[in-house]
Amino acid sequence: MNVTTAPKIVGPSDAQEGFLGSIGVRFMIDGSEAGERVSLVDHSMSPRALAAPLHRHTREDEYSFILEGRMGALLGDDVVEAGPGDLVHKPRNQWHTFWNAGDEPCRILEIIAPAGFERFFRELSDMGGALEADPQELAHLNERYGLEMIPDSVPGLLERFGLQIGEHLRGGWTP
């Protein structure tokens with residue numbers, strides 16, 4: 001188990017960035033730095049951007065801490081909206097999706113426990129994001145990370161919540 005013991009500070013312009021097809025990702029703490037207990041990524045979402053199709057994780061819980069803007073989420077049958085300082089828990093095995101619920105950029109700190117799913121984001125970004133990835137390669141990636149996804153849910157989600165496919169926002173959060 002490789003655990004970093006030296007202090008680590010990740011500033012707004014630090015860390016590797018990627019794009020997942022509709023939202024950005026900035027890698028802040030990898031699981032290897034935290035004994036695979038937790039990982040942290042920063043998701044940036046352009047106005048009214050849908051983050052992902054309806055999906056569920058079978059191995060990890062996600063916690064979204066809103067840094068700026070408004071995040072909407074469909075958690076099972078519940079629709080919620082959260083703002084700066086709010087924390088939204090997305091438990092494993094629950095069908096969900098999330099989006100920028102406002103007309104300004106939204107940034108969330110995504111806490112993933114246990115760690116490991118941050119590697120899914122790296123691989124997806126390397127494939128050019130969900131929209132550019134070969135469908136068979138994406139299905140294989142989902143399977144390797146215990147992710148179930150309903151790609152056909154996207155048009156209905158876009159219409160139901162007045163959303164769009166997002167664009168890449170670069171740079172970290174600044175207070």
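Structure's up top.
Please read these numbers as outputs of a predicted model, since none were measured by experiment. Every chain's residues receive numbers from 1 upward, in the order its sequence appears when written. Local features in this predicted model are restricted to residues of pLDDT 70 or higher, and side-chain atom pairs are both shown and tallied only at a pLDDT of 80 or more, whereas totals for entire chains, interfaces and linings draw on every residue. Side-chain metrics in this entry use all non-hydrogen atoms of the structure; hydrogen atoms and water are not considered.

Draft legend 1. Representation of helix α2 (residues 135-144) within the structure. Taken together, the buried positions of α2 are occupied by Leu 138, Leu 141 and Asn 142. End-on view of α2: buried residues confined to an arc of 100 degrees, all on one side of the axis. Facing away from the buried surface of α2 by more than 90 degrees, the exposed residues are Gln 136 and Glu 143. Any two residues whose heavy atoms approach within 4.5 Å are treated as being in contact. Starting at the N terminus, helices and strands are each numbered in turn, a helix being any DSSP run of H or I of at least four residues and a strand any DSSP run of E of at least two. Structurally, α2 contributes buried residues whose contacts are with α1 (117-126) and β12 (147-150). Whenever two N or O atoms come within 3.5 Å, that pair is a polar contact, provided that in protein one can donate a hydrogen and the other can accept it, and provided that, for residues adjacent in sequence, both atoms are side-chain atoms. Two or three places before Gln 136, at the opening of α2, Asp 134 has a side-chain oxygen 3.0 Å from that residue's backbone nitrogen. Any residue under 20% of the maximum accessible area for its type is buried, any over 50% is exposed, and the rest in between are partly exposed; the area is computed with a 1.4 Å probe on protein chains only. Throughout, the arc means the angular range of directions from the helix axis out to the C-beta atoms.

Draft legend 2. Representation of unusual backbone geometry. Here the residue pair Ala 113 and Pro 114 is connected by a cis peptide bond, since its omega of -10 degrees sits within 30 degrees of zero. The residue Pro 114 is located in the loop between β11 (106-113) and α1 in this model. Look at Glu 36: it is not a glycine, yet its phi comes out positive at around 65 degrees. Relative to the assigned elements, Glu 36 resides in the loop between β2 (24-29) and β3 (39-45). Look at Arg 48: it is not a glycine, yet its phi comes out positive at around 60 degrees. Of note, Arg 48 is situated in the loop between β3 and β4 (49-50).

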